[in-house]
Protein chains: 2
Amino acid sequence: MRTSAQNAELALLLEVAGTPKPGNVDRHRDLDDLRFEHFLAGAVGARDGLELAADGAAVGPAFERAVSGMAAQQGGNTQFGSLLLLVPLVRAAREELSQPVVESVVRETTVGDAASFYRAFEHVDVAVDDPPEDMAALDVRRGTDAIPALEERGLTLLEIMDRSVPGDDVAREWVRGFERSFAAAERLADADGPVADRTAAVFLSLLAERPDTLVATRHDEDTARDVTDRAAALLEDDALETDRDAVESFADDLVARGINPGTTADVTAAGLFVALEHGAIAP
Amino acid sequence: MRTSAQNAELALLLEVAGTPKPGNVDRHRDLDDLRFEHFLAGAVGARDGLELAADGAAVGPAFERAVSGMAAQQGGNTQFGSLLLLVPLVRAAREELSQPVVESVVRETTVGDAASFYRAFEHVDVAVDDPPEDMAALDVRRGTDAIPALEERGLTLLEIMDRSVPGDDVAREWVRGFERSFAAAERLADADGPVADRTAAVFLSLLAERPDTLVATRHDEDTARDVTDRAAALLEDDALETDRDAVESFADDLVARGINPGTTADVTAAGLFVALEHGAIAP
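The rules behind the values
Residues numbered from 1 in each chain as written. Chains lettered and ligands numbered in written order. Predicted model: local features only at pLDDT ≥ 70, side-chain atom pairs only at ≥ 80, totals over all residues. Heavy atoms only, no water. Axes fitted to C-alpha atoms, helices over the stretch in contact; angles between N-to-C directions. Helix = DSSP H or I, 4+ residues; strand = E, 2+ residues; numbered from the N terminus. Parallel < 35°, antiparallel > 145°, perpendicular 65-115°, else oblique. Left-handed = near helix turned anticlockwise from the far one by under 90°. Contact = heavy atoms within 4.5 Å. Expected span 1.5 Å × (residues − 1). Buried < 20%, exposed > 50% of the residue type's maximum accessible area, 1.4 Å probe, protein only. Buried area = accessible area lost by both parts, 1.4 Å probe. Salt bridge = Lys/Arg side-chain N within 4 Å of Asp/Glu carboxyl O. Polar contact = N/O pair within 3.5 Å; in protein donor to acceptor, adjacent residues only side chain to side chain. Patch = residues over 30% accessible without salt bridge, like charges linked within 9 Å, V, L, I, M, F, W, Y side chains within 5 Å. Areas by Shrake-Rupley, 256 points an atom, 1.4 Å probe, with all protein chains shown as cover. Lys, Arg positive; Asp, Glu negative; His and termini not counted. Charge placed at Lys NZ, Arg CZ, Asp CG, Glu CD. Least-squares fit on C-alpha atoms with pLDDT ≥ 70 in both. Core = buried A, V, L, I, M, F, W, Y, C linked by side-chain atoms within 4.5 Å. Phe/Tyr/Trp six-rings, centres within 6.5 Å; stacked < 30°, edge-to-face > 60°. Nonpolar A, V, L, I, M, F, W, Y, C, P; charged D, E, K, R; others polar.

- Going by what an unreviewed UniProt entry lists, chain A is known as Triphosphoribosyl-dephospho-CoA synthase and is assigned to Natrinema salaciae.

Some words on the packing of helix H3 (residues 59–70) of chain B against helix H6 (residues 111–120) of chain B
Residue and element names in this part refer to chain B.
- Contact pair H3 / H6: the axes reach a minimum separation of 7 Å and the direction vectors enclose 10°. Classified by the interaxial angle, the pair formed by H3 and H6 is roughly parallel. Between H3 and H6 the crossing geometry is left-handed. Across the interface between the two elements, Val59, Gly60, Pro61, Phe63, Glu64 and Val67 of H3 pack against Asp113, Ser116, Phe117, Arg119 and Ala120 of H6.

A look at helix H1 (residues 4–17) of chain B
- With 14 residues, H1(B) should reach 20 Å at 1.5 Å per residue; the first-to-last C-alpha distance of 20 Å fits that figure.
- Among the 14 residues in H1(B), 14 count as buried, and that is most of the element.

A few points about the interface of chain A and chain B
- The interface of chain A with chain B comprises 31 residues on the first partner and 31 residues on the second.
- When the area that chain A buries against chain B is broken down by residue, the three leading residues are A:Arg27, A:Glu37 and A:Val44, summing to 26%.
- Applying the counting criterion to the chain A and chain B interface returns four salt bridges.
- Note that B:Arg47 is salt-bridged to A:Asp48, the shortest N-O span being 3.5 Å.
- Viewed at the interface, chain B and chain A are joined by 18 residue pairs in polar contact (both at pLDDT 80 or more).
- When contributions to the side of chain A that touches chain B are tallied by element, the ones reaching two or more residues are helix H1 (4–17), helix H2 (36–54) and helix H11 (195–209) of chain A.
- In terms of residue count, H2(A) provides more of the side of chain A that touches chain B than any other element does, nine residues in total.

A few points about a negative patch on the surface
Residues and elements named next belong to chain A.
- Side chains of Asp192, Asp197, Glu236, Asp237, Asp238, Glu241, Asp243 and Asp245 sit close together on the surface and give a patch of like negative charge.
- Examined against the element boundaries, Glu241 turns out to sit in helix H14 (residues 239–242).
- By relative accessible area, Glu241 is classed as exposed at 65%.

A short note on the relation of the copies chain A and chain B
- With an RMSD of 0.0 Å, the operation that places chain A on chain B is a rotation of 180° combined with a shift of 0.0 Å along the axis. Expressed as a symmetry operation, the mapping of one chain copy onto the other fits a two-fold axis. Within chain A, the C-alpha atom positioned nearest to the axis of rotation is that of A:Arg27, 3.1 Å from it.
- Most of the interface of chain A is mirrored in chain B, where 100% of its interface residues are also at the interface.

Some details on the pattern of salt bridges
- In this structure the tally under the stated criterion is 44 salt bridges over all chains.
- A salt bridge links B:Lys21 to B:Glu15, with the shortest nitrogen-to-oxygen separation between them at 3.2 Å. The residues B:Lys21 and B:Glu15 share a single accessibility class, namely buried.
- Among the ionic contacts, a cluster of salt bridges with common partners joins A:Glu9, A:Arg47, A:Glu51, B:Asp48 and B:Arg65.

What to know about the nonpolar core
- Membership of the largest hydrophobic core comes to 166 residues, with the highest contact counts inside it found for A:Phe117 and B:Phe117.
- Those residues in contact with B:Phe117 that sit more than four places away from it in its chain are B:Phe63, B:Phe80, B:Leu84, B:Val140, B:Leu157, B:Ile160 and B:Met161.

Side note on the side chain of B:Glu9
- As for its placement among the helices and strands, B:Glu9 is situated in helix H1.
- In this structure B:Glu9 comes out as buried when scored by relative accessible area, which is 0%.
- If sequence neighbours within four positions are ignored, B:Glu9 has contacts with A:Glu9, A:Val44, A:Arg47, B:Ala43, B:Val44, B:Arg47 and B:Leu50.

A word on the packing of aromatic side chains
Residues and elements named next belong to chain A.
- Considering all chains together, one arrives at 13 aromatic pairs over all chains under this definition.
- A centroid spacing of 4.8 Å and a plane angle of 50° characterise the contact between Phe80 and Phe121, whose relative ring orientation is tilted. In this pair, Phe80 is assigned in helix H4 (residues 80–93) and Phe121 in the loop between helix H6 (111–120) and helix H7 (147–153), connecting sequence segments 41 residues apart.
- The exposure class of Phe80 is buried, given its relative accessible area of 5%.
- Residue classification places Phe121 among the buried residues on the basis of a relative accessible area of 12%.

Thoughts on unusual backbone geometry
Residues and elements named next belong to chain A.
- Along the chain, Thr19 connects to Pro20 via a cis peptide bond; the corresponding omega equals -5°.
- The residue Pro20 is located in the loop between H1 and H2 in this model.
- The omega angle of the peptide bond from Val165 to Pro166 is -5°, so this bond is cis rather than trans.
- In this fold, Pro166 is placed in the loop between helix H8 (157–163) and helix H9 (169–175).
- Not every positive phi belongs to a glycine, and Asp238 is a case in point at roughly 55°.
- The residue Asp238 is located in the loop between helix H13 (221–236) and H14 in this model.

A closer look at the packing of H2(A) against H1(B)
- For the pair H2(A) and H1(B), interaxial distance at closest approach is 10 Å and the crossing angle is 155°. Here H2(A) is positioned roughly antiparallel relative to H1(B), judged by the angle of their axes. As H2(A) packs across H1(B), the resulting crossing turns out to be right-handed. Residues A:Phe36, A:Glu37, A:Leu40, A:Ala41, A:Val44, A:Gly45, A:Arg47 and A:Asp48 of H2(A) touch H1(B), and the partners they reach there are B:Gln6, B:Glu9, B:Leu10, B:Leu13, B:Leu14 and B:Ala17.
- Broken down by class, the residue content of the contact of H2(A) with H1(B) amounts to eight nonpolar, two polar and four charged.

Structural data, given as structure tokens:
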């Protein structure tokens, strides 16, 4: 019987192992400077922060600790977004891993949690968009320098997340009761076969559903929309079953073009955690 | 900066990720009922026992805990032998990770440690040979039933290991000052490229060096010798660099024939741990 922190770490590992996961590092693909081994080390390093959350620590400090441990490898940002979903989910699992409970966990976050969130950006470079003009003082890329402005405005971590939507589908999970994470868990449960295959199927279904916000941030909305349309066409054809080569080609093409749907991977990892906790998948 | 327990868990993950690792589960190969995901879950589950060792617990109880956590997945025995090497190495790293220190760690094991070792066999099926006639009462497959006989004879865990040589090259490490584990770490340090590639190279070099004792146990000495000869020929040709397809074919052939050089993988994992601790590799 694994603990919640163990399941969260395992979710990170299973996520990166799933293949084909178009555009991202997976069991069969590395990017130039971001390799499979960096994700393994990132998952191992994140565990202490996940254990803090499981032990009842506040979400912000547990997240900062998880990110700082995750960042102790050479690949850079591997799992920042995944941890931003996993930490409140692990915290909720202390009581009950359900949408209402995780909603109450994020509703109870404080200005202090928001400050920890800003500190987490000191550990690793994260791709984010420019904030709206009235939020410039709260640009997360300012890291700890933004904390005085944050405290002056008295914004909680949930309020920070609320201001990051639209444009960041990890933040959207926070304000929408982690609906896609729980939906992903249900799809993982309903899928067949080894966990790695289910992971690939659920990743594709998520990618087909909404344009990936990390792709939109790093490239543009049109690129993100195009990736989603292609994923939707493959899903429609049940291509993982009927024409796996087409999915592999799509994956190779996105990797070659440097298009990495990282937000979709984050939601996949969150779904894996929920499914592991609920015993719906059991590697 | 990772802790020793984190490095040991990461060593397990890097070991299984290395490819091609002829005959074994690797980043590109699953066996029928033993898949990559089982090794991921095994590594995550082992961590608590590794932390016990890092905190100074006795080798036997830490090992039993690591095995019990490792076994909490559906694939069966994934990393029993690796943990039998890693636990004393982690324990040694509290003081200094060197051959003399790990030799003193195993020399200080007690009858109690041996009892824990026997209890560990209750958690998982491990492939072992029939013991010599005078050791029948101490057949590890008897698990806890063998403990009274063990206590009557007053054998420490090191003495049990000593009686398992020849025929078990994990036990041989215990009585030979972990010489191949430390040699593997040096080779990992001297190799080039990503850790996953170094792992594959060092695995092949170890396989070429001595017949794998798990292959000899599950099949026979001739099969183990043949595998080593083929590995030596590939190594001689520098095939990982000059003819990678030949190594991949060798890997596929062994998998197809159910020949899994698990002991060589165990020594590789131990080498990875030593190299990580010494900062000789840093994913």
